[in-house]
Amino acid sequence: MFTEFVELYNPLPVPVDVGGWSLTGGVTLVLPAGTVMAPCGYLVLAENPEHLASALKFPGALGPWSGSLRNEGEELVLRDASLAAV
């Protein structure tokens, strides 16, 4: 079983509070309140975070999301808490 995931990157030298932000498109996920991306850090969103942690030894992913990603590719949109695309 392969678990799909998406990585978000914070290029800023300061932490960014992404609590309440959402990922939309083929998948939908609202990030929990209090979620903060580290400066110049990554945040992983997964279809099945438990599988990602156990099978791939990658703990800390957020999810699960609803929906699915298409193999042909698609546009995903990250929206802040006010629903503006970022």
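Criteria and thresholds
- Residues numbered from 1 in each chain as written.
- Predicted model: local features only at pLDDT ≥ 70, side-chain atom pairs only at ≥ 80, totals over all residues.
- Heavy atoms only, no water.
- Helix = DSSP H or I, 4+ residues; strand = E, 2+ residues; numbered from the N terminus.
- Contact = heavy atoms within 4.5 Å.
- Buried < 20%, exposed > 50% of the residue type's maximum accessible area, 1.4 Å probe, protein only.
- Pairing = 2+ DSSP bridges.
- Phe/Tyr/Trp six-rings, centres within 6.5 Å; stacked < 30°, edge-to-face > 60°.

Participant: So what exactly am I meant to see when it comes to the side chain of serine 22 here?
Facilitator: Tracing the backbone shows serine 22 in strand β3 (residues 22-24). Each residue touching serine 22, except ones within four places of it in the same chain, is listed here: Leu29, Val30, Val77, Leu78, Arg79 and Leu83.

Participant: Would you mind going over the pairing of strand β4 (residues 27-30) with me for this structure?
Facilitator: Consecutive residues of a regular strand have side chains that alternate between opposite faces of the sheet. Of the two faces of β4, only the one carrying Val27 and Leu29 is buried; Thr28 and Val30 on the other face are not. Here β3 pairs with β4 via 2 bridges, running antiparallel. Within the sheet, the bridge partner assigned to leucine 23 lies in β4 and is leucine 29. Here β3 folds back onto β4, and the loop between the two strands holds 2 residues, one of which, glycine 25, carries a positive phi near 135°. Bridging between β4 and strand β7 (residues 66-67) involves 2 bridges; their strand directions are antiparallel. Directly across from threonine 28, in β7, lies its bridge partner serine 66.

Participant: Even after reading the chapter, I still don't get the packing of aromatic side chains, so can you show me in this structure?
Facilitator: Between two aromatic rings, the relevant description is the distance of the centres plus the angle of the planes. Using the criterion set out here, one finds 1 aromatic pair in the structure. Between tyrosine 9 and tyrosine 42 the ring centres are 4.8 Å apart and the planes differ by 40°, which places this aromatic pair in the tilted class. In this pair, tyrosine 9 sits in strand β1 (residues 5-9) while tyrosine 42 sits in strand β6 (residues 42-46), placing the two residues 33 residues apart along the sequence. Classification of tyrosine 9 by relative accessible area gives partly exposed; the value is 42%.

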